[in-house]
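Chain by chain, the residues:
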Amino acid sequence: MTRTPPAPAGSRAPASRAPASRAPASRAWTVAARPVDDPLSAVLLREYLVDVAHRYYQHHERRDATPEEIERAFAEMGSDDLAPPHGVFLLAHHDGEPAGCAGLRLLDDRTAELKRVFVRPAQRGQGGGAALLAAVETAAGELGAGRIALDTRLDLVEARALYARHGYREVAPFTQGRRYAEVWMAKELG
């Protein structure tokens, strides 16, 4: 009787073997609307701001944002428009733990603007961004929007890649005077 040697590490299993079963990453994620002024929403919004502020200052000045810069930006950020009837704030949970957020607000009768997309670093790469974007698209449809638009920064390469993977394409600027807007993207819903 001839024995087949084990396959080298990293090689594919023979076609006759079924791959190991594993649940899709999105099963562990739940996303639901939550009031933007809820204490848990505020925690995630602050974490979002700290993350993007540190990245901005690291990219432009090779330093972290100071506590004063964080507090000033948090006070100026304003998210009241991410609430009904013309907006929504979504909180994502991963395996029951708060892990991310996204906001949406109507710009006009047809277009909703995506804001404050964030997944905690420990949960990144596990499908949270995709879960949030799917929920955002559903919420945009419920608000009557047929298009989602966003602005972002050049240094947020992972976010831009996520948006591109989910059908967002670069468009002409639709906002003016926003200090941090460097790239504009949109997706037709449909």
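Our structure's up above, just so we're on the same page.
Described in the following lines is the structure provided in the data block. Note that the structure is predicted; figures quoted are calculated from it, not measured. (Residues numbered from 1 in each chain as written. Predicted model: local features only at pLDDT ≥ 70, side-chain atom pairs only at ≥ 80, totals over all residues. Heavy atoms only, no water.)

Going from Pro84 to Pro85, the amide bond is cis rather than trans, its omega being 10 degrees. Take Pro85: it is sitting in the loop between α2 (67-77) and β2 (87-94). Backbone geometry at Arg116 places phi at a positive 55 degrees, although glycine is not the residue there. Judged by relative accessible area, which is 11%, Arg116 ranks as buried. (Helix = DSSP H or I, 4+ residues; strand = E, 2+ residues; numbered from the N terminus. Buried < 20%, exposed > 50% of the residue type's maximum accessible area, 1.4 Å probe, protein only.)

For His94, the location among the structural elements is in strand β2. Looking at His94, its side chain comes within polar contact range of the side chain of Gln126, at 3.2 Å. Discounting chain neighbours no more than four positions away, the residues touching His94 are Ala28, Trp29, Ala99, Gln123 and Gln126. (Polar contact = N/O pair within 3.5 Å; in protein donor to acceptor, adjacent residues only side chain to side chain. Contact = heavy atoms within 4.5 Å.)

Counting through the fold element by element, Ser41 comes out in helix α1 (residues 39-61). Taking the C-alpha atoms as reference points, Ser41 and Phe89, separated by 48 residues in sequence, lie 8.2 Å from one another. Leave out the neighbours within four places in its chain, and Ser41 touches Arg34, Pro35, Val36, Phe89 and Leu91. Reaching out from Ser41, the side chain makes a polar contact with the backbone oxygen of Pro35 at a distance of 2.7 Å.

This part covers the packing of aromatic side chains. As enumerated under the stated definition, the model contains 4 aromatic pairs in all. Centre to centre, the rings of Tyr48 and Phe118 are 6.5 Å apart; their planes meet at 75 degrees, and the pair counts as edge-to-face. Of this pair, Tyr48 sits in helix α1 while Phe118 sits in strand β4 (residues 111-119); the two residues are 70 residues apart in sequence, bridging distant segments of the chain. Using a relative accessible area of 5% as the deciding quantity, one classes Phe118 as buried. With a centroid separation of 4.9 Å and an interplanar angle of 85 degrees, the aromatic rings of Tyr56 and Tyr180 are classed as edge-to-face. Separated by 124 residues along the polypeptide, Tyr56 in helix α1 and Tyr180 in the loop between β6 (169-170) and β7 (183-188) bring together distant segments of the chain. Every member of this aromatic cluster is reached through a ring pair, and the members are Tyr56, Tyr57 and Tyr180. Note that Arg46 overlies the ring of Phe74, its terminal NZ or CZ placed 4.1 Å from the centroid. (Phe/Tyr/Trp six-rings, centres within 6.5 Å; stacked < 30°, edge-to-face > 60°. Lys NZ or Arg CZ within 6 Å of the ring centre and 35° of its normal.)

This part takes up α2. Of the positions making up α2, those classed as buried are Glu69, Ile70 and Met77. All buried residues of α2 fall inside an arc of 100 degrees around its axis, so they share one side. With respect to the buried face of α2, the exposed residues turned more than 90 degrees away are Pro67, Glu68, Ala75 and Glu76. Among the structural elements, α1 and β4 are those in contact with the buried residues of α2. Once α2 finishes, Gly78 follows within two positions and takes phi at roughly 55 degrees, a positive value. (Arc of directions from axis to C-beta.)

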